[in-house]
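Structural characterization, general
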Amino acid sequence: MLGVCFGAQLLARVIGGEVRTMEQAYRGWYVNDLTDDPVWDGPWVRWHKDRIFLPDRIRPLASSGGIV
C-alpha cells in the first residue's frame, strides 16, 4: 500500500506508527535511499516538515538519509 503526504501519515498511525514534526523542513529535490526498485530512486520533490516512524515489522519502500 502506498500513501503520499497526509495519506502516508494516516497509514502510519493506523498501523501503529507515529508522525512527528522535524526541526528542519525538507524543501527541494531529493534522491531516495533504501530502494529495491529503481522506480523509487528519484530525484523526487519534497515539501514537508513531518517525519514518519514505522513499526519494526513494516519495511519502507524508500527513505531519504534514513528518514522515512
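Further up the page is the structure itself.
Here goes a summary of the coordinates provided. Model, not experiment: these values are computed from the prediction.

Turning next to the environment of Asp37. Here Asp37 shows up in the loop between β1 (18-30) and β2 (44-53). Sequence separation between Asp37 and Pro55 is 18 residues; the distance between their C-alpha atoms is 22 Å.

Okay, the pattern of salt bridges next. In the structure shown here, the tally under the stated rule is one salt bridge. Put simply, Glu18 and Arg20 hold a salt bridge, and the shortest N to O gap is 3.1 Å. On the basis of relative accessible area, Glu18 is assigned to the partly exposed category, the value being 41%.

On the surface, Leu2, Val4 and Leu61 cluster together into a nonpolar patch covering about 300 Å² of accessible area. Residue Leu61 is classed as partly exposed on the basis of its relative accessible area, which comes to 38%.

Among all positions of helix α1 (residues 6-14), only Ala8, Gln9 and Ala12 are buried. Summarising the axial view, the buried residues of α1 lie within an arc of 100 degrees, below the 170-degree limit, and thus occupy one face. Looking at α1, the residues exposed on the side facing more than 90 degrees away from the buried face are Phe6 and Val14. Once α1 ends, the next one or two residues include Gly16, with phi positive near 100 degrees.

What counts and what doesn't
Residues numbered from 1 in each chain as written. Predicted model: local features only at pLDDT ≥ 70, side-chain atom pairs only at ≥ 80, totals over all residues. Heavy atoms only, no water. Helix = DSSP H or I, 4+ residues; strand = E, 2+ residues; numbered from the N terminus. Salt bridge = Lys/Arg side-chain N within 4 Å of Asp/Glu carboxyl O. Buried < 20%, exposed > 50% of the residue type's maximum accessible area, 1.4 Å probe, protein only. Patch = residues over 30% accessible without salt bridge, like charges linked within 9 Å, V, L, I, M, F, W, Y side chains within 5 Å. Areas by Shrake-Rupley, 256 points an atom, 1.4 Å probe, with all protein chains shown as cover. Arc of directions from axis to C-beta.

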